[in-house]
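Working through the structure, step by step
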Number of protein chains: 2
Amino acid sequence: MLSDVMEDYLKAIYTLQTEDGDPVATSAIAEYLDVTPPTVTSMVEKLEERELVEREKYKGVELTPEGETVALEVLRHHRLLEAYLNEHLDYAWSEVHDEADRLEHHISEEFERRVAEALGDPEVDPHGDPIPNADLAPIEDDDTTPLSDHGEGETVVVARVSDRDDEELRYLSEAGVAPGTRLEVVDVAPFGMVTVRIRGGEAAPDDRREQSLPESVAASIRVRSGDSETATPESGVGGA
Amino acid sequence: MLSDVMEDYLKAIYTLQTEDGDPVATSAIAEYLDVTPPTVTSMVEKLEERELVEREKYKGVELTPEGETVALEVLRHHRLLEAYLNEHLDYAWSEVHDEADRLEHHISEEFERRVAEALGDPEVDPHGDPIPNADLAPIEDDDTTPLSDHGEGETVVVARVSDRDDEELRYLSEAGVAPGTRLEVVDVAPFGMVTVRIRGGEAAPDDRREQSLPESVAASIRVRSGDSETATPESGVGGA
DNA sequence: GGGTCGTATTAGGCTCGTCTAAAGTATAAA
DNA sequence: TTTATACTTTAGACGAGCCTAATACGACCC
């Protein structure tokens, strides 16, 4: 009963809400979905009628619990598909996003179940993003921090990388930075440029053992302390 | 550039053209797609503008070569998906159609390639329908005949069963009639009711070795002579 | 050749999701 | 307190794909 488009709006609002905090601006949604702000306003009104979002005019919008459930369903589809494409169809880590976007609205419950089973009910997708469980329980905050928050000498383990930008993804993949990779911060230069030494994880070519990352990239990499041994279970760091 | 809906019309026209011969009636398309005849008329006009069909008003419509190519592309997606779901995701033979219908418009060229590769470039889907090749060359007429054309004592091998009706499909699956099954016609009763003895193929329960099929069902089963050993390569007769 | 009947097309209208242009609101600066 | 600026919403239009009701066509029968 809910159109693909409505699901896309809910997914977008969920994502923006998770990234930037609570009331989400019309213009942010518009930019995310590549439509104009008036289009967003009118869509948001329809979502409000269906009680999927709450909204205060001129202020912003946030998901109701029902809206969040719908968003989690779409996200579950998306991330299961990413994992499946990576693991069973040989897609590279950096290629799965677009295909999953195409398919996420069109799979049945049955398909979802069988894919989850084929994967052994994974908890994270190849980017390290958590996969909502079958009951669509809200995802609790994790204990990760942006790489850009860390200083020289610290050792961390990559938990997730953003799947938003294809080019960035290929760049990181090239550089050998993936979920599970252990990094030591060797330098933080002006403007936030971070240089890291890559240790373990996928074998990186010798000349890539050190890597400088622009602030924007470092900010989108979420890491956990490298001392603890509670690293995310090796989860789809394959493919190239 | 072509909408999903347009692709559906082209696929429908292709199918009807293949089943019932050349100029396809507006009402036939309407019934197939479950829309009203005026809707078909207006859609057909748009397809004509794009030179995907040729049409003579009040007469009927047929595909141009370009239109046929589009239909074959969709059909290739559909049948590869059916085969993949059956072989790699454990779907029963009789369950794959709807899921493939949902997905066929939404997969990329890349996905098509990888699925075809994972399957080893199969030539038929689990129903026995031929899968258009990657170049989308027109499918030439095969040498099959409807089971209902055969008389008592003849032995035949099932080449394809129609994937149009879910209930029929489950019935045949139950009965042990699938592509590759060898049948002996033991009786043809009034009104075309055909009784067959099932030999070989999937093991049928003992009490199901003989099976009576209504004329409409017998007409939708395409068979080859059972004497020749040119049986279709064992192709997805799995699942239940 | 003129009805009759089934099928096809035309006419006109609806919803959905989008747009542009115009008007309104909130906020921060002067 | 007033004004400038950025953002949001309102107003109005459009194409796609569908519908119903009305009209046109064609084929077959007498």
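Described in the following lines is the structure provided in the data block. These numbers come from a predicted model, not from an experiment. (Residues numbered from 1 in each chain as written. Chains lettered and ligands numbered in written order. Predicted model: local features only at pLDDT ≥ 70, side-chain atom pairs only at ≥ 80, totals over all residues. Heavy atoms only, no water.)

**A look at the relation of the copies chain A and chain B**
Superposition of chain A onto chain B requires a rotation of 180° combined with a translation of 0.0 Å along the rotation axis, giving an RMSD of 0.1 Å. The relationship between the two copies is best expressed as a two-fold rotation axis. Taking the C-alpha atom as reference, chain A places L103 of chain A closest to the rotation axis, 3.5 Å from it. A share of 100% of interface residues in chain A that are also interface residues in chain B marks the association as one of identical surfaces. (Least-squares fit on C-alpha atoms with pLDDT ≥ 70 in both. Contact = heavy atoms within 4.5 Å.)

**Section: the protein's contact with DNA strand D**
Around DNA strand D, a shell composed of 19 residues is seen, among which S27, T41 and K57 of chain A together with S3 and T39 of chain B lie nearest. Y58 of chain A is positioned with one of its backbone polar atoms (N or O) 3.2 Å from a phosphate oxygen of DNA strand D. The side chain of T39 of chain B places a nitrogen or oxygen atom 2.6 Å from a phosphate oxygen of DNA strand D. Looking at the surface near DNA strand D, the elements that each hand over two or more residues are α2 (26–33) and α3 (37–49) of chain A together with α1 (4–20) and α3 (37–49) of chain B. Here the element with the most residues in the surface near DNA strand D is α3 of chain A; it accounts for 4 residues. Residues that form the surface near DNA strand D fall into these classes: 9 nonpolar, 6 polar and 4 charged. (Near = heavy atom within 4 Å. Polar contact = N/O pair within 3.5 Å; in protein donor to acceptor, adjacent residues only side chain to side chain. Helix = DSSP H or I, 4+ residues; strand = E, 2+ residues; numbered from the N terminus. Nonpolar A, V, L, I, M, F, W, Y, C, P; charged D, E, K, R; others polar.)

**Overview of the side chain of H150 of chain A**
Summarising the element assignment, H150 of chain A is placed in the loop between β3 (145–146) and β4 (155–161). The exposure class of H150 of chain A is buried, given its relative accessible area of 14%. (Buried < 20%, exposed > 50% of the residue type's maximum accessible area, 1.4 Å probe, protein only.)

**Comments concerning the interface of chain A and chain B**
Taken residue by residue, the interface counts 18 residues in chain A and 18 residues in chain B. Surface buried jointly by chain A and chain B totals about 1,500 Å² across both partners, of which 59% is contributed by carbon and sulfur atoms. For the chain A face of the interface with chain B, the top three residues by lost area are L89, H106 and R114 of chain A, together amounting to 40%. Taken together, the links from chain A to chain B amount to 2 salt bridges. A salt bridge links R114 of chain A to E95 of chain B, with the nearest nitrogen and oxygen atoms 3.3 Å apart. Linking chain A to chain B there are 12 residue pairs in polar contact (both at pLDDT 80 or more). (Buried area = accessible area lost by both parts, 1.4 Å probe. Salt bridge = Lys/Arg side-chain N within 4 Å of Asp/Glu carboxyl O.)

**Overview of a negative patch on the surface**
Taken together, the side chains of D22, E51, E54, E62 and E66 of chain A present a region of like negative charge at the surface. By the element assignment, E62 of chain A lies in strand β2 (residues 60–63). (Patch = residues over 30% accessible without salt bridge, like charges linked within 9 Å, V, L, I, M, F, W, Y side chains within 5 Å. Areas by Shrake-Rupley, 256 points an atom, 1.4 Å probe, with all protein chains shown as cover. Lys, Arg positive; Asp, Glu negative; His and termini not counted. Charge placed at Lys NZ, Arg CZ, Asp CG, Glu CD.)

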